[in-house]
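# Overview (structure and organization)
Here is how the chains run, residue by residue.
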Amino acid sequence: MKRILITGGAGFIGSHLCERLLKEGNEVICLDNYFTGSKENIIHLLDHPYFEIIRHDITAPIMIEVDEIFNLACPASPVHYQYNPIKTVKTSVMGAINMLGLAKRINAKVMQASTSEVYGDPEIHPQPEKYWGNVNPIGPRSCYDEGKRCAETLFMDYHHQNNVEIKIIRIFNTYGPKMDLNDGRVVSNFIVQALLGKDLTIYGDGQQTRSFQYVDDLIEGMLRMMNTPKEFIGPVNLGNQNEFTMLELAKYIIELTGSTSGLIFKPLPKDDPKMRQPNTALAKSMLNGWDCAVHLREGLEKTIEYFDSTLRKKAARKKVARV
Ligand code: NAD
Ligand code: UDP
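A short tour of the structure in this document, coming up. (Residues numbered from 1 in each chain as written. Chains lettered and ligands numbered in written order. Predicted model: local features only at pLDDT ≥ 70, side-chain atom pairs only at ≥ 80, totals over all residues. Heavy atoms only, no water.)

Once that is clear, we can look at the overall build of the protein chain. The secondary structure content of the protein chain amounts to nine helices and 13 strands. Relative to the 2.2 N^0.38 estimate, which gives 20 Å for 323 residues, the radius of gyration of the protein chain is 19 Å and therefore close to what a compact globule would have. Referenced to the eigenvectors of the C-alpha coordinate spread, the extents of the protein chain come out at roughly 55 × 50 × 40 Å. Residues counted as buried form 55% of the 323 residues belonging to the protein chain. A fraction of 81% describes how many contacts in the protein chain between residues 6 or more apart in sequence connect residues 24 or more apart. Surface exposure of the protein chain reaches about 14,700 Å², of which carbon and sulfur atoms provide 53%. In the protein chain, 38 positive and 38 negative side-chain charges are present, and the distance between their average locations comes to 4 Å. (Helix = DSSP H or I, 4+ residues; strand = E, 2+ residues; numbered from the N terminus. Rg over C-alpha atoms; globule rule 2.2 N^0.38 Å. Buried < 20%, exposed > 50% of the residue type's maximum accessible area, 1.4 Å probe, protein only. Contact = heavy atoms within 4.5 Å. Areas by Shrake-Rupley, 256 points an atom, 1.4 Å probe, with all protein chains shown as cover. Lys, Arg positive; Asp, Glu negative; His and termini not counted. Charge placed at Lys NZ, Arg CZ, Asp CG, Glu CD.)

Take a look at the structure:
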């Protein structure tokens, strides 16, 4: 049994990781400040004898004894990371320093949840790990993109200078149950809008592309990466190679929900990447043939079911409150 710390464990991806690591017989400590995460995501785990939660902000140091650390704490949706950009930089940079310092002191292995955003608005397509990216250092997305890039630098420097055992993964757009209703990212926005019969908000002309990975595929990749030999530190891309325009995604979600919603066009946010698709050759070769197994249709159906039930529960609570 390993004792594992998951920062950002009450968030969308973190809560799936908590579940999976507990299922595999580990002791899991979930650390979160609940900025974008929620106790709802982990409440069903509270009775588990090997599950613990700590309310803490990773911009402050913490001392705790664990074997492995998954560093996920950071708001991931543009709406949330732009809400307090200085805090976003602090979370990525000071959070990385605190987690790496901890890993160094207690001799733990530490994984950084980096992002495809380190490639910015890419000029190489699909994006391989050796591409250095095209990131605006002074734009609205910079707090997230540059914070994550600096965190990768810190991980490499702690590894080379202090021999800390590290793993870096670059996560591409991931979706699934437990995303927040008001998360602001495209999959949750479109599904919630479709279920409520509201027009789906297309930013720009909707021709920009993304490649969507179902959360279970990501978690599988993360665990395989954590268990690779010490010498393999990454960075490694984890994402689905199926690429869609936002218009295609909107039409697909309307079809799957059977919604009567239409489309409404809104301005494209500044520096919104025009295209994104991972080159996953490295992941396939280093992670025992890892690949995404969940088709977009299957993943979206599960996610729609989740949002449908969450919206119904919310409506029922409102009704009770009115009575
Ligand atoms: P999320 O917002 O649901 O989860 C982030 C979690 O971190 C939340 O529970 C939040 O409360 C917590 N948190 C934020 N700041 C914190 C702080 N200072 N101290 C402690 N906890 C803090 O987002 P997610 O989609 O689950 O993303 C998890 C990680 O994966 C993030 O690091 C994100 O950058 C990375 N990532 C996600 C995607 C994606 O598509 N979901 C893509 C690329 C990278
Ligand atoms: N997007 C959209 N409508 C929305 C939310 C997002 O058209 O309601 C677009 C957004 O402009 C971007 C893409 O969908 O081009 C993915 O956005 P998201 O915020 O999910 O992730 P990211 O831009 O970080 O990849």
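Alright, that's what it looks like, and here's the rest.
Let's shift gears to the site of ligand 2. Neighbouring ligand 2 are 18 residues, the closest being N189, T201, R210, D272 and R276. N189 is positioned such that a nitrogen or oxygen atom in its side chain is 2.8 Å from an oxygen atom of ligand 2. Where the shell around ligand 2 is concerned, the elements lending two or more residues are α5 (186–195) and β8 (200–203). (Near = heavy atom within 4 Å. Polar contact = N/O pair within 3.5 Å; in protein donor to acceptor, adjacent residues only side chain to side chain.)

This part covers the site of ligand 1. Residues in contact with ligand 1 amount to 29 residues; listed here are only the nearest, D32, T36, Y144, K148 and R185. Between I13 and ligand 1, the recorded distance is 2.8 Å, taken from a backbone N or O atom to an oxygen atom. One of the backbone N or O atoms of I58 is found 3.0 Å from a nitrogen atom in ligand 1. For ligand 1, whose unbound accessible area comes to 820 Å², protein coverage reaches 97%. For the shell around ligand 1, the secondary-structure elements that each account for two or more residues are α1 (12–23), β5 (109–115) and α4 (142–162). Considered class by class, the residues forming the shell around ligand 1 number 14 nonpolar, eleven polar and four charged. (Nonpolar A, V, L, I, M, F, W, Y, C, P; charged D, E, K, R; others polar.)

A few words now on the pattern of salt bridges. As a working rule, side chains carrying opposite charge can pair if their charged atoms are close by. Evaluation of the coordinates by the stated rule reveals 21 salt bridges. One salt-bridge network, held together by shared partners, links E117, R141, R210, D272 and R276. (Salt bridge = Lys/Arg side-chain N within 4 Å of Asp/Glu carboxyl O.)

What follows deals with empty space enclosed by the protein. Overall, the coordinates contain one cavity of 30 Å³ or more when judged by the stated rule. Along the lines of polarity and charge, the residues of the lining of the largest cavity split into three nonpolar, four polar and one charged. (1 Å grid on protein atoms, 1.4 Å probe; cavity = no way out; pocket = protein on both sides within 12 Å on 5 of 7 lines; lining within 4 Å. Points joined across faces, edges and corners; volume = space filled by probe spheres on them.)

What follows covers helix α7 (residues 246–257). Taking 1.5 Å per residue as the helical rise, α7 with its twelve residues ought to reach 16 Å, and the 16 Å between its terminal C-alpha atoms agrees with that figure. Of the residues making up α7, those classed as buried are M246, L247, L249, A250, Y252, I253, I254 and L256. Lining the buried residues of α7 we find α5, β8, β9 (209–211), β12 (243–245), β13 (263–266) and α9 (296–322). (Expected span 1.5 Å × (residues − 1).)

Moving on: helix α6 (residues 215–226). For α6, built from twelve residues, the straight-helix expectation of 16 Å at 1.5 Å per residue is met to within 8% by its first-to-last C-alpha distance of 17 Å. Taking burial as the measure, the twelve residues of α6 include nine buried ones, the bulk of the element. Those residues of α6 lying buried are V215, D217, L218, I219, G221, M222, L223, M225 and M226.

On to the packing of helix α3 (residues 85–106) against α4, then. The N-to-C vectors of α3 and α4 enclose an angle of 15°; their axes lie 8 Å apart at closest approach. Judged by the angle between their axes, α3 and α4 are roughly parallel. The two elements α3 and α4 meet at a crossing, and its hand is right-handed. Between α3, through P85, T88, V89, S92, V93, A96, I97, L100, G101 and K104, and α4, the contact on the second element is made entirely by C143, Y144, G147, K148, C150, A151, L154, F155, Y158 and N162. Considering only residue class, the contact of α3 with α4 consists of 13 nonpolar, five polar and two charged. (Axes fitted to C-alpha atoms, helices over the stretch in contact; angles between N-to-C directions. Parallel < 35°, antiparallel > 145°, perpendicular 65-115°, else oblique. Left-handed = near helix turned anticlockwise from the far one by under 90°.)

Another point: unusual backbone geometry. The linkage connecting H125 with the following residue, P126, adopts the cis geometry, with an omega of -10°. With respect to the element layout, P126 can be found in the loop between β5 and α4. Following G234, the chain continues into P235 via a peptide bond in cis, with omega recorded as 0°. Tracing the backbone through its elements, the reader meets P235 in the loop between α6 and β11 (236–238).

What follows deals with the state of the cysteines. A disulfide bridge is the covalent bond that connects two cysteines by way of their sulfur atoms. For the coordinates displayed, the defined rule picks out zero disulfides. Just so you know, C74 is unpaired, no disulfide at all, and the nearest cysteine sulfur is the one on C143, 8.3 Å from it. (Disulfide = S-S within 2.5 Å.)

Here we take up the packing of aromatic side chains. A full pass over the atoms with the stated rule returns six aromatic pairs. Between Y175 and Y214, the ring centres sit 5.6 Å apart and the planes meet at 65°, which makes this aromatic pair edge-to-face. Remark: Y214 occurs in strand β10 (residues 213–214) and Y175 occurs in strand β7 (residues 174–175); sequence separation between them is 39 residues. Its relative accessible area of 1% is what places Y175 among the buried residues. One aromatic cluster is present, built from ring pairs that chain together Y119, Y131 and F172. (Phe/Tyr/Trp six-rings, centres within 6.5 Å; stacked < 30°, edge-to-face > 60°.)

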